[in-house]
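Residue-level structural notes
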Amino acid sequence: MRLAGFEVGSGTPLFLIAGPCVIESEALVMTTAERLKEITAKLKMPLLFKASFDKANRSALRGFRGLGLERGLRILERVKRELDVPVLTDVHEDTPLDEVAAVVDVLQTPALLCRQTDFIMAVASQGRPVNLKKGQFLAPWEMANVVAKARSTGNDALLVCERGVSFGYNNLVVDMRSFAILRETGCPVVFDATHAVQQPGARGDSSGGERQHVPVLARAAVAAGVAGLFLETHPEPDEALCDGPNAWPLGRVAALLEQLQGIDTLVKARPFLETELRSVH
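Report follows, based on the coordinates.

Calculation rules
Residues numbered from 1 in each chain as written. Predicted model: local features only at pLDDT ≥ 70, side-chain atom pairs only at ≥ 80, totals over all residues. Heavy atoms only, no water. Helix = DSSP H or I, 4+ residues; strand = E, 2+ residues; numbered from the N terminus. Contact = heavy atoms within 4.5 Å. Buried < 20%, exposed > 50% of the residue type's maximum accessible area, 1.4 Å probe, protein only. Pairing = 2+ DSSP bridges. Arc of directions from axis to C-beta.

**As for the environment of A157**
In this fold, A157 is placed in the loop between α5 (143-151) and β8 (158-162). Remark: the alpha-carbon pair of A157 and S25, spanning 132 residues in sequence, is separated by 30 Å. The contacts of A157, once residues within four sequence positions are left out, are M1, P129 and V130.

**A look at the pairing of strand β14 (residues 228-234)**
Successive residues of a regular strand alternate their side chains across the two faces of the sheet. Taking burial as the measure, the seven residues of β14 include seven buried ones, the bulk of the element. Side chains of β14 alternate between two faces, with G228, F230, E232 and H234 and L229, L231 and T233 buried alike. Judged from the five bridges that link them, strand β3 (residues 15-19) and β14 form a sheet pairing that is parallel. Looking at β14, one finds that L16 is bridged to L229.

**Some points on helix α7 (residues 214-223)**
Residues of α7 that are buried: V214, P215, L217, A218, A221 and V222. The buried side chains of α7 occupy one side of the element, clustering within an arc of 165° when seen end-on. If you follow the buried residues of α7, they end up packed against α6 (177-183), β11 (189-192), β14, β15 (248-249) and α8 (253-267). G225 lies just past α7 and shows a positive phi near 95°.

Structure (structure tokens):
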């Protein structure tokens, strides 16, 4: 599949979707995007810069949501123009999709909205690639229904993104079998390594997280053959205005990606053995 100027799939080198959870300031976005470009250019790893202009799904009313549509899109457009880096952002049910699609390269649907049929079809109808995030409440094989809804619009440029499944209160787990099952949709599979270590609502009015487990899960997912990695990162995660506890420090991104790239190269040098067998759900 062609995605923002590069090929992605189960047999292509690992690509990266990365950036801060939310647009806190123009300076933060530009600094982070520039550093990510430097890191991925050295590794020759394709990059999509990610940041949200509005995060509607906050734990509490006072949660920071971003700088809004107009300012957010202007900043994302600057990343594209000045750094020549494609950008991804997430949209919601009340987002003016045409305005966002006119600026960004890839649209993303939030995990919590994956069953909203009209929303999924409206996003897929914008003529842009879409990253479909799997809900925390969905079995991996249920994503075939979400993909079918999106494909019904004629859009085949679809990614499916795993971010863990709810396991009791305020906890997520990642079933490594899900990556093989999600590949059966025919879409490139992405692993969201940072939201997978999130602890939704664990702090009462905000989410917690265990960022120390990001490398463990990321290594396992890359070994399972994902096409891409989703990584929220921040120069100072403990000072981040959104999802800081599960964000990966920007200063540690290069070391993590170097390790993951080595695993990716090894794994993709041979065919996936599970493709010779038939899955039964």
